[in-house]
Amino acid sequence: MTTTAGTAAPARRVGRLRLAAVIVRAGLRSQLANRADFAMAVANGVTYQITVLLFATVIFSRFSSLGGWGLGEILLISSIRMLGHGLYMLLFGNLGLIPHLLREGRFEAFRTRPAPVLLQVFTYEAPINALGDLVVAGASLTVCLSLVDVTWSPAALCFLAVAVAAATVIELGLNLHIAGLVLRFRGSESLFFWLDNTAGNFGNYPLSVFPAVLQGAFTFGIPIAFAGYYPAAWLTGHAGTVPVSPVLVYLSPLVALLALLSGLAVWRRCLAWYSRNG
């Protein structure tokens, strides 16, 4: 016999999903209401990512290789990272809006609705600029496929797909840490911009061109090297040249899982603190 308690939990989950769907549709309609704003948002994403690629092009106009990596191989690093970044922005990019939501007093409303606060943040509005990021990342990947000497076997394609998913989750995990800190320490919102700039400036190039201290920092501290460099090293045959150990080229999924679990723990702890003191 089915009990009331047994059916209550699934009913609550369905209700939360319906609420999330309503919020997503409302956010998307608001973004599409003004076509000029929609076009500018997409153009903003395109412009930023093209700037990153242009910088790499300028470097290769002076040097034929960088740390033993050719242009196509470095484009593979940046393509994996940018695809992961684009997916992060599309699915979870509203985390960066938390400082704005706090200032406007809208975050308080999330805590009164029958849906997880984090889900409401993710679905607050449609991050249209992510489409521009994905367009440029897809174009970059298309170009690099014609330049890089890689046999795209089913195993290699699966590895690439896992690498992109891991890059997305790594960025989510790192930003969850920052989102939690924003709830706990006002004024820490600049860390969002710092992380984005750090990943954009250092995450698109072979780790071997940086000093040992940065190699360690981007591997064991802020693991942005796992969002592009290490997977690309396996795909392009550079696994034997990576710092510390070749085993690192296989660890992006594990690093992504650890970053996500750690980020969620920090978020929950800081949200509990905010609920008591905010």
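Everything quoted here is computed from the prediction, not taken from an experiment.

Caption draft 1: View of the nonpolar core. Within the largest apolar cluster, 65 residues are counted, with the highest numbers of intra-cluster contacts made by Leu 95, Ile 98, Phe 107, Leu 183, Tyr 230 and Trp 267. Counting residues per element, this core draws most heavily on helix H8 (residues 154-184), at 14 residues. Apart from the residues within four sequence positions on either side, Leu 95 is in contact with Tyr 88, Leu 118, Val 121, Phe 122, Leu 172, Asn 175, Leu 176, Ala 179 and Phe 192.

Caption draft 2: Geometry of the UniProt feature "transmembrane region" (unreviewed entry) in the chain. Sequence positions flagged by UniProt for "transmembrane region" (unreviewed entry) are, in local numbering, residues 38-60, 80-102, 122-148, 154-183, 204-227 and 247-267. Between the first and last C-alpha atoms of residues 80-102 the distance is 33 Å; the span itself is 78% helix and 0% strand. Spanning residues 247-267, this segment combines 76% helix with 0% strand, and its end C-alpha atoms are found 30 Å apart.

Caption draft 3: Structural context of the packing of helix H3 (residues 71-92) against H8. At a closest axis distance of 8 Å, the pairing of H3 and H8 adopts a crossing angle of 55°. Taken together, the axis directions place H3 and H8 in an arrangement best described as oblique. Between H3 and H8 lies a crossing whose hand is right-handed. From H3, Leu 76, Ile 80, Leu 83, Gly 84, His 85, Leu 87, Tyr 88 and Phe 92 reach across to H8, where they touch Leu 160, Ala 163, Val 164, Ala 167, Thr 168, Glu 171, Leu 172 and Asn 175. Partitioning the contact of H3 with H8 into residue classes produces 11 nonpolar, four polar and one charged.

Caption draft 4: Geometry of a nonpolar patch on the surface. Together, Leu 254, Leu 257, Leu 258 and Leu 261 line one region of the surface with nonpolar side chains, adding up to about 380 Å² of accessible area. Topologically, Leu 258 is positioned in helix H12 (residues 252-277). Looking at Leu 258, the relative accessible area reads 52%, which means it is exposed.

Caption draft 5: How the structure looks around the packing of aromatic side chains. Throughout the structure, instances matching the rule amount to 12 aromatic pairs. Plain terms: the ring middles of Phe 92 and Phe 122 are 5.0 Å apart, the flat faces sit at 65° to each other, and that makes the pair edge-to-face. Highlighted residues: Phe 92 in helix H3 and Phe 122 in helix H6 (residues 117-122), separated in sequence by 30 residues. Look at Phe 122 and you get buried, because its relative accessible area is 16%.

Caption draft 6: How the structure looks around the side chain of Ser 79. Relative to the assigned elements, Ser 79 resides in helix H3. Among the residues examined, Ser 79 registers a relative accessible area of 0% and is labelled buried. At 2.6 Å, the side chain of Ser 79 forms a polar contact with the backbone oxygen of Leu 75. A distance of 3.3 Å separates a polar atom in the side chain of Ser 79 from the backbone nitrogen of Leu 141. Once you skip the residues sitting within four places of it in the chain, Ser 79 turns out to touch Ala 137, Ser 140, Leu 141 and Cys 144.

Conventions we followed
- Residues numbered from 1 in each chain as written.
- Predicted model: local features only at pLDDT ≥ 70, side-chain atom pairs only at ≥ 80, totals over all residues.
- Heavy atoms only, no water.
- Core = buried A, V, L, I, M, F, W, Y, C linked by side-chain atoms within 4.5 Å.
- Buried < 20%, exposed > 50% of the residue type's maximum accessible area, 1.4 Å probe, protein only.
- Helix = DSSP H or I, 4+ residues; strand = E, 2+ residues; numbered from the N terminus.
- Contact = heavy atoms within 4.5 Å.
- UniProt positions renumbered as here; feature names shortened; annotations may be inferred.
- Axes fitted to C-alpha atoms, helices over the stretch in contact; angles between N-to-C directions.
- Parallel < 35°, antiparallel > 145°, perpendicular 65-115°, else oblique.
- Left-handed = near helix turned anticlockwise from the far one by under 90°.
- Nonpolar A, V, L, I, M, F, W, Y, C, P; charged D, E, K, R; others polar.
- Patch = residues over 30% accessible without salt bridge, like charges linked within 9 Å, V, L, I, M, F, W, Y side chains within 5 Å.
- Areas by Shrake-Rupley, 256 points an atom, 1.4 Å probe, with all protein chains shown as cover.
- Salt bridge = Lys/Arg side-chain N within 4 Å of Asp/Glu carboxyl O.
- Phe/Tyr/Trp six-rings, centres within 6.5 Å; stacked < 30°, edge-to-face > 60°.
- Polar contact = N/O pair within 3.5 Å; in protein donor to acceptor, adjacent residues only side chain to side chain.

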